[in-house]
Every structure is written in C-alpha cells, then in structure tokens.
Amino acid sequence: MSTITSVSTPNAPSAIGPYSQAIKAGEFVFVSGCIPLVPSTMQIVEGGIEEQTKQALTNLKAVLEASSSSVGKVVKTTVFLKNMGDFATVNTIYEEFFSGSEHKPARSAVEVARLPKDVLFEIECIAVANK
C-alpha cells in the first residue's frame, strides 16, 4: 500500500480551509487549487489577470517543489477562470510557465461563476513525484 502524506510550505499561501496545499500519494502529487495570494501577506497580488496568473503559477511551483516534484513533472492541470475572455492572456503566460518542460501537460480550462476571495484565476494539478 502506498503512503499518503500532506505537503506544506511557507513559500506558498497556507490553505484557507480544511485542506492541504498538496497530497503525495505513491508516485503522484495532487496539488490543491492555487490562487494568487502573496504568501508573506496572504493578500491577493495587486493587478489584473496577468499578475494574478503569474502569482498563482509561482505558488503552484513552490508547492510542487515542496512535494519533491517540479513543473516539468506536471501531467494534468485544471484552470479556473472568472472570465473566459481572459483565456488568451492566461494561455500566453501558461505556455511560458511550462516552456521548459519536455511535454505539455493535459489541461482543462473552465469559466466559473466565482472563485475563492473573488480572484480571477485558480489552477490545480497532478504531477509525478521525484523518487
């Protein structure tokens, strides 16, 4: 039976509810939704969709690294957008974020009515853990 462990890092915002930043289960890491909070202040980064997307991805990277994984090991992402009209802007930033990977992760992107703290962008992922 594989081991299940909770992951926590001060380099990403702490969970704002009863959940873990990530869970390692066997060879996989399941990262909870990352929103654009600045870890040191727990406040939403100033700016619009570009700044929020970059901050949420920075938070995702920090949780992946704390999970003994990396951006290049991501196999699936789910992107949540407040406004699908922001898709092209988000897609450009997303593509740059994953540009160093040997593959492009599978992805779903959906528009939602509302996100935590009324942010514009959230992302979660599944990755392979380093052995």
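Look up: the structure comes first, before these words.
Structure report, in brief. (Residues numbered from 1 in each chain as written. Predicted model: local features only at pLDDT ≥ 70, side-chain atom pairs only at ≥ 80, totals over all residues. Heavy atoms only, no water.)

**Side note on helix α2 (residues 87–97)**
Of all the positions in α2, only V90, I93 and Y94 are classed as buried. What you see down the axis of α2 is that its buried residues fit within an arc of 100 degrees, all on one side. The outward face of α2, more than 90 degrees from its buried face, is lined by the exposed residues A88, T92, E95 and E96. Those residues of α2 that are buried are in contact with α1 (49–66), β6 (74–81), β7 (106–111) and β8 (121–128). (Buried < 20%, exposed > 50% of the residue type's maximum accessible area, 1.4 Å probe, protein only. Helix = DSSP H or I, 4+ residues; strand = E, 2+ residues; numbered from the N terminus. Arc of directions from axis to C-beta. Contact = heavy atoms within 4.5 Å.)

**What to know about the layout of surface pockets**
What the largest pocket holds in volume is close to 190 Å³. Forming the boundary of the largest pocket are 16 residues, of which P13, Y19, G33, C34 and I35 lie nearest the centre. The set of elements that each furnish at least two residues to the lining of the largest pocket consists of β3 (28–34) and α1. The biggest single contributor to the lining of the largest pocket is β3, with three residues. Its residues assigned to classes, the lining of the largest pocket comprises ten nonpolar, five polar and one charged. (1 Å grid on protein atoms, 1.4 Å probe; cavity = no way out; pocket = protein on both sides within 12 Å on 5 of 7 lines; lining within 4 Å. Points joined across faces, edges and corners; volume = space filled by probe spheres on them. Nonpolar A, V, L, I, M, F, W, Y, C, P; charged D, E, K, R; others polar.)

**Side note on the sheet that holds strand β2 (residues 22–25)**
Taken in spatial order, the six strands line up as β1-β2-β3-β8-β6-β7 in an open sheet, and their pairing is mixed. Each of the sheet's edge strands pairs with one partner strand only, and the pair in question is β1 (4–7) and β7. Along the sheet, successive strands turn relative to each other by an average axial angle of 10 degrees, direction set aside. The sheet contact formed by β1 and β2 spans four bridges and is antiparallel. From the neighbouring strand, V7 faces β2, where its bridge partner is A22. Across the sheet, α1 lies against β1, β2, β3, β6 and β8, angled at about 25 degrees from β8, the strand it touches most. (Pairing = 2+ DSSP bridges. Axes fitted to C-alpha atoms, helices over the stretch in contact; angles between N-to-C directions.)

**Some details on α1**
Over its 18 residues, α1 runs 26 Å from end to end, which matches the ideal 26 Å to within 8%, given 1.5 Å per residue. Following α1 by one or two positions, S68 has its phi on the positive side, about 60 degrees. (Expected span 1.5 Å × (residues − 1).)

**Focus on the pairing of β8**
Side chains on a regular strand alternate between the two faces of the sheet. Where β3 lies against β8, five bridges are found, and the strand directions are antiparallel. Residue pairing in the sheet places V29 in a bridge with A127 of β8.

**Describing the environment of S99**
Within the secondary structure, S99 sits in the loop between α2 and β7. Along the primary structure S99 and V71 are separated by 28 residues, whereas in three dimensions their C-alpha atoms are 9.7 Å apart. A polar atom in the side chain of S99 sits 2.8 Å from the backbone oxygen of E96. (Polar contact = N/O pair within 3.5 Å; in protein donor to acceptor, adjacent residues only side chain to side chain.)

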